[in-house]
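Examination of the molecular architecture
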Amino acid sequence: DAFVAAVFEDAMVQTEVINDELSPHWLPWTKRAFVFGIMHPASMLYLGCFDYDLGLTEHEKIGRVAVNICNLQRDTEYTLRYGLYPSSNVTERKSNGTITIRIRVEYHDEKAMVLAALRPRPKFHVNVKREKSQEVLHYTCFGFYGDENETKFDLTVTRSYINEILEHKRLLGYAIVDTFSSLVFWRGQVRILGLWLPLHSLLFFVMAATLVERPQMLPAFSLLSVAWMFLALGTKRCQHPSPWHRCPSFWHFLEILQTGRSSLRMRRVAPMEGGQEAAVYEQYWKDRIEKDIDAATRRREEDELLMNLANENIQTKMKADNLIPIELLSRLGRYQGIIARYCRYARLFKIIATWEESILSFWITACFLVAGLFALLLDWGFILTWVGRIVVWCFLGPHMSIVDAYLQSKSQKDDKLLETAMEKFHQKSKRALERNQDATKLKDAKCLLFGPYITLVPNFNLSRHYDRPLPQSFARVYKKSAKDQNGDTTLKKSITMSKEYVPGQQFFGTMVPRPNDAAIKFEGQMDHLKDLAAATLKCMEEITEKRRRERLERYDSEQEAMLPHSLGYELITLGNSNASGLSSDSMGTKRMGSGVDGSLARHMDSATSASLEVNEEAQVAVLFIRRRNSSFVATNRSQSVRLGYELK
């Protein structure tokens, strides 16, 4: 009774259950096809296969697989077959069958996709409503021996971690020996037109010869060497015999940034293409590793035999206590967690160096390449000389004894140091409390909408074993193009994508968290309101400015000289004649009469009347000048006169 669960970023779906079938096939009318929206280009697609069980018992776990969509090209329909394994973290694992999927990746804007990799990867949480569903979700993301076993001791997991560390050490030794031999002996490294050319050896020779003559170029060459190493590893990955082990190259992503669209690396991949060559390649590495392990085992046995033959220890052997102390048992889980942390660091470095996370490897390569090229333009002899002088004269001179005395005297002020430390602690605790409150609010909102059981979907596929398609997989370009008589390329068949996406559970917003669809709708409404408010404000400004120009155009040049702003006053707009807050009744002002100052009266005719009101307590003078339908107000506040007007 098989069914499949799929988890991608913040969404989870399940297919229908196929009863009583060991090789189930989901027909077109069943629930089998889904469309996911992509938030980050390096997200993984996790698939888990289960045997459906009724009741309170858990669904039987068959196997899982992690699909890396970052290495899939656009406009291509893939039919991929993977092996189903219970776990991807243990040393020895056995396949429980295979799963075949059909997948296609479409990008509306490839350049935006590449730039999106520069943003931090968001945390994706998926909620379910039942505990039984959470077991399905968790197994699909982690498999057996997942993250919950890294905090409690398990002998299988610990032995697997130790074997993994030894394997990383062995592979690192192979990489160093093979790289040195290939560079020194000028072996073929890059395949061009069917020929293997030693281009890396040539570049290494030029850099070494230049560095001998100009040792000050070491910082620039160090940066360029990191970029060179990533480019060499990416080129080696692209030259793998199997097309399912290859990845997008550095130039692929660079083309996207330049043109906004990538060219298709392959038009078609047939079943079993490169399968025989890949099998020979994998068998070579397997034989090499087994040969080295057998040689190491034989040397160890010979050393033990020689030690036993030359044993000079005549001391009586004491019986050792084989019981494991309880204190050690309580610490084994913590020790296992420490080993797991170092293994995760090694896995992260491995997936970046081997271009498993190709888009992240591209940006690291680009950063070191740009920094190295910029460093070539600098005068490192001058820079290093002055940096050395500054360090020596500032930090190694006899004046450091005075600095030491100052630091010691400062450290003796325990009260002030304690106060500073407590202040920093309170600031950190405040920020931690804010993060906890945000997380609690987000958890409550997600539990209310999607269910009480939450699982964190891993951002990186930090597994020991990577799931790669089997040789039976195949692919073809979905968009077919043909050339007309003029030689123009036209689209013959377009891709029809479903508009119904699987709804995600990612929340957006700080004060009021909302799902993606609701957040987009809310942002659209807010943008509409902002545009409406801006349009209204602009319309009001235009109406006010138009009325002001109409009023001013009625005055001729002689009347213009009578306006207050012509007399040196500053103009301010008032709502009414008492807009300045002055009132003859409430402020105790006294009217000085209808006459005005002589200098002002000379510019007025019989149609003009003016009055002056003075508030002696507030030391405010208000001048009312009325002419036709206009009124002007002048106030004296803090030895400054401001004259305003209102259009009626």
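Residues numbered from 1 in each chain as written. Predicted model: local features only at pLDDT ≥ 70, side-chain atom pairs only at ≥ 80, totals over all residues. Heavy atoms only, no water.

Here the focus is the overall build of the protein. Secondary structure assignment for the protein yields 15 helices and 22 strands. Looking at the protein as a whole, 31% of its 648 residues are labelled buried. In the protein, the share of contacts with a sequence separation of at least 24, taken over all contacts with a separation of at least 6, comes to 65%. Total accessible area computed for the protein in this model is approximately 42500 Å², and 58% of it derives from carbon and sulfur atoms. (Helix = DSSP H or I, 4+ residues; strand = E, 2+ residues; numbered from the N terminus. Buried < 20%, exposed > 50% of the residue type's maximum accessible area, 1.4 Å probe, protein only. Contact = heavy atoms within 4.5 Å. Areas by Shrake-Rupley, 256 points an atom, 1.4 Å probe, with all protein chains shown as cover.)

Position of H40 relative to the elements: it lies in the loop between strand 2 (11–14) and strand 3 (44–51). We classify H40 as buried; its relative accessible area is 4%. Once the C-alpha coordinates of H40 and L115 are considered, the two residues, 75 residues apart in sequence, prove to be 9.9 Å apart. Excluding anything up to four places from it in sequence, H40 contacts E9, A116, A117, R119, R121 and P122.

This next bit is on the sheet that holds strand 4 (residues 60–68). If you walk across this open sheet you meet the 4 strands as 2-1-3-4, and the pairing is antiparallel. Bordering the open sheet on either side are strand 2 and strand 4, each of which pairs with just one other strand. Averaged over all neighbouring strand pairs, the angle between strand axes comes to 15°, with direction disregarded. Relative to strand 3, strand 1 (residues 2–8) runs antiparallel, the two being bridged by 7 bridges. Across the sheet, residue A2 finds its bridge partner in strand 3, namely D51. (Pairing = 2+ DSSP bridges. Axes fitted to C-alpha atoms, helices over the stretch in contact; angles between N-to-C directions.)

With that out of the way, let us pick up the nonpolar core. The biggest cluster of nonpolar side chains holds 45 residues, and the ones touching the most others in it are I69 and I359. For this core, the element with the most residues is helix 9 (residues 358–376), which contributes 4 residues. The residues touching I69, leaving out its near neighbours within four places in the chain, are F8, I38, P41, S43, L45, I103, V105 and Y107. Residues M44, Y46, F50 and Y139 belong to the second largest nonpolar core, which totals 17 residues. (Core = buried A, V, L, I, M, F, W, Y, C linked by side-chain atoms within 4.5 Å.)

The next thing to look at is the side chain of T15. When you line up the elements, T15 lands in the loop between strand 2 and strand 3. Looking at T15, the relative accessible area reads 15%, which means it is buried. Separated by 3.4 Å, the side chains of T15 and W26 make a polar contact. Ignoring sequence-local partners within four residues, the contact set of T15 consists of F3, V4, W26, K31 and F34. (Polar contact = N/O pair within 3.5 Å; in protein donor to acceptor, adjacent residues only side chain to side chain.)

On to the sheet that holds strand 5 (residues 76–83), then. The strand order across the open sheet built from 4 strands is 6-5-12-10, with neighbouring strands paired in antiparallel fashion. Edge positions in the sheet fall to strand 6 (98–104) and strand 10 (268–269), since each has one partner strand and no second. Where strand 10 lies against strand 12 (residues 474–477), 2 bridges are found, and the strand directions are antiparallel. Within strand 12, the position partnered with V269 by the bridge is A475.

It is worth spelling out the pattern of salt bridges at this point. Taken as a whole and assessed by the stated rule, the structure comprises 13 salt bridges. Across the pair R104 and E106 runs a salt bridge whose closest N-O atoms are separated by 3.2 Å. According to the relative accessible area criterion, R104 is partly exposed, its value standing at 25%. One salt-bridge network, in which partners are shared between bridges, spans R74, D75, E110 and R261. (Salt bridge = Lys/Arg side-chain N within 4 Å of Asp/Glu carboxyl O.)

Here we come to the packing of helix 6 (residues 250–259) against helix 9. One can describe the packing of helix 6 onto helix 9 by two numbers: an axis separation of 10 Å at closest approach and a directional angle of 80°. The pairing of helix 6 with helix 9 is recorded here as roughly perpendicular in orientation. Contact with helix 6, carried on its side by F250, F253, L254 and L257, involves S358, I359, F362, W363, T365, A366 and L369 of helix 9 and no other residues of that element. Across the contact of helix 6 with helix 9, the residue classes tally to 9 nonpolar, 2 polar and no charged. (Parallel < 35°, antiparallel > 145°, perpendicular 65-115°, else oblique. Nonpolar A, V, L, I, M, F, W, Y, C, P; charged D, E, K, R; others polar.)

With that settled, the discussion passes to the pairing of strand 12. Going residue by residue along strand 12, you find A475 and V477 tucked away on one face and F474 and R476 left uncovered on the opposite face. Pairing between strand 5 and strand 12: 4 bridges, direction antiparallel. Paired with T79 across the two strands is F474, which belongs to strand 12.

With that settled, consider a positive patch on the surface. A cluster of like positive charges, contributed by K410, K416, K424, K428, R431 and R435, occupies part of the molecular surface. Take the positive patch: its biggest share by element is 5 residues, from helix 12 (residues 414–450). (Patch = residues over 30% accessible without salt bridge, like charges linked within 9 Å, V, L, I, M, F, W, Y side chains within 5 Å. Lys, Arg positive; Asp, Glu negative; His and termini not counted. Charge placed at Lys NZ, Arg CZ, Asp CG, Glu CD.)

Okay, the packing of helix 5 (residues 218–238) against helix 9 next. Orientation of helix 5 relative to helix 9, taken along the N-to-C sense of each, is 150°, at an axis distance of 8 Å. When the axes of helix 5 and helix 9 are compared, the pair comes out roughly antiparallel. Considering only the axes of helix 5 and helix 9, their crossing is left-handed. Packed against helix 5, whose contacting residues are A220, F221, L223, L224, V226, A227, F230 and L231, the element helix 9 presents I364, T365, F368, L369, A371, G372, L373, A375 and L376 at the interface. Looking at the contact of helix 5 with helix 9 residue by residue, the class counts come to 15 nonpolar, 2 polar and no charged. (Left-handed = near helix turned anticlockwise from the far one by under 90°.)

As a further point, take the packing of aromatic side chains. Summed over the entire model, instances satisfying the criterion amount to 16 aromatic pairs. Seen from their ring centres, Y342 and Y345 are 6.4 Å apart, and the 85° between their planes marks the pair as edge-to-face. You can see Y342 and its partner Y345 sitting in helix 8 (residues 326–353), 3 residues apart, about one turn around the helix. Under the relative-accessibility criterion, Y345 is labelled exposed at 51%. One Lys or Arg, R121, reaches over the ring of F460 and ends 3.8 Å from the middle of that ring. (Phe/Tyr/Trp six-rings, centres within 6.5 Å; stacked < 30°, edge-to-face > 60°. Lys NZ or Arg CZ within 6 Å of the ring centre and 35° of its normal.)

Let us look at the environment of S262. Within the fold, S262 resides in the loop between helix 6 and strand 10. The exposure class of S262 is buried, given its relative accessible area of 4%. It is 8.8 Å that separates the C-alpha atoms of S262 and Q73, two residues lying 189 residues apart in sequence. When neighbours within four sequence positions are excluded, S262 is seen to be in contact with R74, E110, H252, E255 and I256. Among the polar contacts listed, one links the side chain of S262 to the side chain of E110, at a separation of 2.8 Å.

Scored by pLDDT, the protein has a mean of 77; 75% of the residues are at 70 or more. Taken as a whole, residues 567–612 scores under 50 in pLDDT and shows 90 contacts with residues more than four places along the chain or in a different chain. (pLDDT = per-residue confidence, 0-100.)

So, on to a negative patch on the surface. Taken together, the side chains of D287, E290, D292 and D294 define an acidic patch exposed on the protein surface. The residue D294 is located in helix 7 (residues 275–309) in this model.

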